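# Descriptive analysis of the structure
Here is what each chain is made of, one letter per residue.
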Amino acid sequence: MEGLGQRLQRLRVERGLTQQQLAAPQYTRGFLATIEAGTRVPSVEALDYFAQRLGAQGDDLRHGRPAGAAEELTAELERGRRLLSRGQIKAAVELFAATERVANGYQLPVVECYARYCAAESELHQGKLPEALRAYEHAELLAAGAPIALRATLVRRRAQCLLNLESVAAAITLLEEGLAEVRAGTPVDPDAELRLLAGLITPYHELGALGRMLDIVDEGLAVAPRATRQEWVATFYDLAGQRVLESKGFAEVDRWWESARQTFAALGLDSDAGSVHWSRGYALSQAERLSEARTELGEALATFDAVGRVQDAAGVALELADVCRRLGETAEATELANRAAKVCARHDLLAWLAEADRILGLLAGEAGDLPSAGRLLERSIDRYSRAGSVYDTGKTCRLYGDLLLRNGKTDEALRVLRLGAQNIASQTRA
């Protein structure tokens, strides 16, 4: 490996300079000769002096890295993210690993941290949440000197894993702590702030804290015009659109989604377009525009299947299964729900397993199989409750209670409806 002295000599010769020409007027030719021979280590001041005269940076010269190495390596990582978004997972993973090694050799800890973050993204992309969580934690070991926006997105992603692996409360705690840290900065970084606000939308919805969720959306809407990372702005509008549909109206929110889709396309993040289809399909299903919802969710599912986003494909399959159920397409709804349940069981996704149970339980009830419906819906309520998903616990109790009432099971229906009310009350007090 080329040493510092050899590197200094090579650059001097490449530029056609003698030792005397490079050293003068501040240092002697002999002083430079001892450095090039490797018998003397220059001070920081001396190395910076030689670097400046060679048209280089002192740190680049010290660590043997070419000028602009950090920028070039970061550009490579962005290229890898585009590969990952297009489903070229193996190529992306190899690129992230190679870039991390080079960044480590060049002693560029911020770039190395970002490379580790990108590697974690590849695990999340494939639905490997425990592995992704460990990888994000591995990246955080180098995050102390990283820009606050990178630290914020590591917190956001860790919280996303905890939301599915542990509980809603764990995700909210992590995100709120991160948001407080960002807001303690002077000035406050709008990109970091928006990233964490976007991350809080879904957990607060799951908790049933709808007032806090709407406050979060409003805070994000105020920050978004000042943010510079258009990918993160698009993600915020994509997520927020689902939750403010009633107050903003479909036309306004649809403009957000179209803007987000165009941003993702311009950045080459193809699979993120699937997220926009997912959001739009969810909103259409809530508005009872079921045929349109079916089309949008089908687009999202096809996109996620094509690029290997396994967990997201399972989530969309559950949404699509419920839409098919409501359209009376029983066989397709059952197939989609069972498909998603297998993925969720493999990755231990408690809340999504609860959703699969709910859909399959409602299908059983509609088919007249009340014992199977009861078993599945009771299990769904238990899983939602353990996951801390207050909103869905209450919704499932209501749907189960309605099913029991339709079948003349009044006492059982009242028990289930009381259970839902008690769960919501206990979680709200907590």
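Presented here is an overview of the structure given in this document. (Residues numbered from 1 in each chain as written. Predicted model: local features only at pLDDT ≥ 70, side-chain atom pairs only at ≥ 80, totals over all residues. Heavy atoms only, no water.)

## Observations concerning the overall build of the protein chain
The secondary structure content of the protein chain amounts to 24 helices and zero strands. Taken along the three principal axes of its C-alpha coordinates, the protein chain extends 100 × 40 × 35 Å. Within the span of the protein chain, comprising 430 residues, buried residues form 52% of the whole. Counting contacts in the protein chain only where the partners sit at least 6 residues apart, residues at least 24 apart contribute 59% of the total. In the form shown here, the protein chain has an accessible surface area of approximately 19400 Å², with 51% of it arising from carbon and sulfur atoms. When the 52 positive and 60 negative side-chain charges of the protein chain are each reduced to one mean point, those points stand 3 Å apart. (Helix = DSSP H or I, 4+ residues; strand = E, 2+ residues; numbered from the N terminus. Buried < 20%, exposed > 50% of the residue type's maximum accessible area, 1.4 Å probe, protein only. Contact = heavy atoms within 4.5 Å. Areas by Shrake-Rupley, 256 points an atom, 1.4 Å probe, with all protein chains shown as cover. Lys, Arg positive; Asp, Glu negative; His and termini not counted. Charge placed at Lys NZ, Arg CZ, Asp CG, Glu CD.)

## Thoughts on the pattern of salt bridges
Tallied over the full model, the rule gives 36 salt bridges. Arg10 is the partner of Glu14 in a salt bridge, and the nearest nitrogen-oxygen pair spans 3.2 Å. Within this pair, Glu14 and its partner Arg10 are both found in helix 1 (residues 4–14), separated by four residues, close to a single helical turn. The salt bridge partner of Asp270 is Arg86, with a shortest N-O separation of 3.6 Å. Taken together, the residues Asp270 in the loop between helix 16 (250–267) and helix 17 (272–286) and Arg86 in the loop between helix 6 (69–85) and helix 7 (89–105) connect sequence positions 184 residues apart. Taking relative accessible area as the criterion, Arg86 reaches 40% and is therefore assigned partly exposed. A cluster of three or more residues bridged by salt bridges with shared partners is formed by Glu176, Arg183, Glu193, Arg212 and Glu219. (Salt bridge = Lys/Arg side-chain N within 4 Å of Asp/Glu carboxyl O.)

## A few points about the packing of helix 17 against helix 19 (residues 310–326)
When two helices pack together, their arrangement is given by the angle between the helix axes and by the axis-to-axis distance. Between helix 17 and helix 19, the shortest axis-to-axis distance is 11 Å and the interhelical angle comes to 25°. One way to sum up the angle between helix 17 and helix 19 is to call them roughly parallel. As for how helix 17 packs across helix 19, the hand of that crossing is left-handed. Contact with helix 17, carried on its side by Trp278, Tyr282 and Ser285, involves Asp312, Gly315, Val316, Glu319, Val323 and Arg326 of helix 19 and no other residues of that element. Looking at side-chain class alone, the contact of helix 17 with helix 19 contains four nonpolar, two polar and three charged residues. (Axes fitted to C-alpha atoms, helices over the stretch in contact; angles between N-to-C directions. Parallel < 35°, antiparallel > 145°, perpendicular 65-115°, else oblique. Left-handed = near helix turned anticlockwise from the far one by under 90°. Nonpolar A, V, L, I, M, F, W, Y, C, P; charged D, E, K, R; others polar.)

## Structural notes on helix 12 (residues 190–207)
With 18 residues, helix 12 should cover 26 Å at 1.5 Å per step; its first-to-last C-alpha distance of 26 Å lies within 8% of that length. Of all bends in helix 12, the biggest is about 25°, found at Ile201, and the proline Pro203 comes one to four residues later. Most of helix 12 is tucked away: 16 of the 18 residues are buried. Measuring from the side-chain oxygen of the N-cap residue of helix 12 to the backbone nitrogen of Asp191 gives 2.9 Å; that N-cap residue is Asp189. Following helix 12 by one or two positions, Gly208 adopts a phi angle in the positive range, close to 85°. (Expected span 1.5 Å × (residues − 1). Bend = angle between axes of the 7 residues up to and from the residue. Polar contact = N/O pair within 3.5 Å; in protein donor to acceptor, adjacent residues only side chain to side chain.)

## Comments concerning the packing of aromatic side chains
For the structure on display, the rule yields 12 aromatic pairs. Ring centres of Tyr237 and Trp256 lie 5.0 Å apart, and the angle between their planes is 55°; on these two criteria the pair is classed as tilted. One end of the pair, Tyr237, is in helix 14 (residues 230–243); the other, Trp256, is in helix 16, with 19 residues separating them in the sequence. A residue is classified by how much of its surface remains accessible, and Trp256, at 10% relative accessible area, is buried. A ring pair is formed by Trp278 and Trp352, whose centres lie 6.4 Å apart and whose planes are at 70°; its orientation type is edge-to-face. In this pair, Trp278 is assigned in helix 17 and Trp352 in helix 21 (residues 350–366), connecting sequence segments 74 residues apart. Neither residue differs from the other here; Trp278 and Trp352 are each classed as buried. Three or more aromatic residues link up through ring pairs in this structure, and these residues are Tyr27, Phe31, Tyr49 and Phe50. Over the aromatic face of Trp232 sits the side chain of Arg229, whose NZ or CZ is 4.7 Å from the ring centroid. (Phe/Tyr/Trp six-rings, centres within 6.5 Å; stacked < 30°, edge-to-face > 60°. Lys NZ or Arg CZ within 6 Å of the ring centre and 35° of its normal.)

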